[in-house]
Each structure stands twice: as C-alpha cells, then as structure tokens.
Amino acid sequence: MKNSVDLSLDYEINGFTMAIIPVKMEGNLYSKVLEEDREVYVALSPIKIMEDSCNFYGSSFEGRKQGTKGISGYTHKPPIVVDPMNDIFFFPTASPTNENCIWISLHYAYEYKKTPSANTKVTFPNNTIVEFPISKTSYEAQVHRTSLFRATGKQEAEQSQ
C-alpha cells in the first residue's frame, strides 16, 4: 500500500460497488472499496458502510437483516439487500460482527476459483483479481443463498402487487 492514502469520510454503496474490504491503517479499521473504475479508501469499517448505506436507501441494517430472515430464514452470514429498487445485494464472507468480514456484491460475484491456499480468487468484470480468505465452497454457498434470497424476494414482491 502507498505511504499516503486519501481517505473519504463517508461512502454510500451504489451500482458500481463490487466489494468492501476491511483494512487496518494507523491502528484503525477502515475500508477499501472496489468499484468498477476505482478504489476508494474510506475512514469507516465495512459494517458501518453497510449500515449507513441501508439507512441511505430507506431502511436500517437490522431491518434488512430481519427482512432476510423473514423471507429466507437465513440467520447466519445473511445476505443483505442494500437497495431493492436498484437490485443491489451484498453477502458477507464471515459474520457481519467479525471485523475481518468482507462484503461482496452479488452482481459482481460470478467468476471465482479455488486457490492452492484454499481461499477463493475472484475475478471482477474490470479484470481486478482479489484473493479472499473464504473457501470456494463457502463462497459458492453465499452466492447461491444470495441469489435464492434475491429471487424469492422479487417473487414475493410481485405477488403482493
């Protein structure tokens, strides 16, 4: 990492957000946000970015978590719909309370493979390659659960109209 990093003080997840990765800098937990065309360092933890973004799009993080539980029954490492209107869904690589938890956008999560160290290497559409400390099996399970949650939520929303 560079000696000097420009830090944003806030960040809202958007359609270009691919992943939110925790980074330790100067003894603080910050985030490296990967977007399609840039990296942004943010002076907030990944969970704080998730919470603030859920609030920005009209719900609390806890409300989104309860919504996930109500629709899918998922309580462990639940996927989160950050913005249902713009189809923005994220899944965690660990418990959201774990400071090492990485958040990955379902929209960008599709090209991945196992590494020799039993992690998962993800190739994003902009050819950024990141190795995440999660097994390929767990990563696939999170992609599947988030996809199923997304489809179930859409189906329930259509039926209630």
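Below is a short write-up of the structure. The structure displayed is predicted, hence computed values, not measured ones.

Focus: the pairing of strand S10 (residues 129-132)
Where burial is concerned, the two faces of S10 differ: the one with Val130 and Phe132 is buried and the one with Ile129 and Glu131 is not. Where strand S9 (residues 120-123) lies against S10, 4 bridges are found, and the strand directions are antiparallel. Considered in S10, the bridge of threonine 120 is made with phenylalanine 132.

Regarding helix H1 (residues 46-56)
An α-helix turns once per 3.6 residues; consequently, residues spaced three or four apart project the same way. Listing the buried residues of H1 in full gives Pro46, Ile49, Met50, Ser53 and Cys54. Around the axis of H1, the buried residues are gathered within 130° of arc, so they sit on the same side. Phi turns positive, to about 100°, at glycine 58, one or two residues after H1.

Brief notes about the side chain of asparagine 119
By the secondary structure assignment, asparagine 119 is in the loop between strand S8 (112-114) and S9. Within the structure, the side chain of asparagine 119 is placed 2.9 Å from the side chain of glutamate 131, a separation counted as a polar contact. Not counting residues up to four positions away in its chain, the partners in contact with asparagine 119 are Lys113, Lys114, Glu131, Phe132, Pro133, Ile134 and Lys136.

Quick look at the sheet that holds S8
What the 3 strands build is an open sheet, ordered S8-S9-S10; its pairing is antiparallel. Each having just a single partner strand, S8 and S10 make up the two edges of the open sheet. When strand polarity is set aside, the average angle formed by the axes of neighbouring strands in this sheet is 25°.

Describing the state of the cysteines
Following the criterion strictly, the structure yields 0 disulfides and no others. Of all cysteine sulfurs in the structure, the one in cysteine 101 sits closest to cysteine 54, which takes part in no disulfide; the separation is 13 Å.

Reading guide: rules and limits
- Residues numbered from 1 in each chain as written.
- Predicted model: local features only at pLDDT ≥ 70, side-chain atom pairs only at ≥ 80, totals over all residues.
- Heavy atoms only, no water.
- Buried < 20%, exposed > 50% of the residue type's maximum accessible area, 1.4 Å probe, protein only.
- Helix = DSSP H or I, 4+ residues; strand = E, 2+ residues; numbered from the N terminus.
- Pairing = 2+ DSSP bridges.
- Arc of directions from axis to C-beta.
- Polar contact = N/O pair within 3.5 Å; in protein donor to acceptor, adjacent residues only side chain to side chain.
- Contact = heavy atoms within 4.5 Å.
- Axes fitted to C-alpha atoms, helices over the stretch in contact; angles between N-to-C directions.
- Disulfide = S-S within 2.5 Å.

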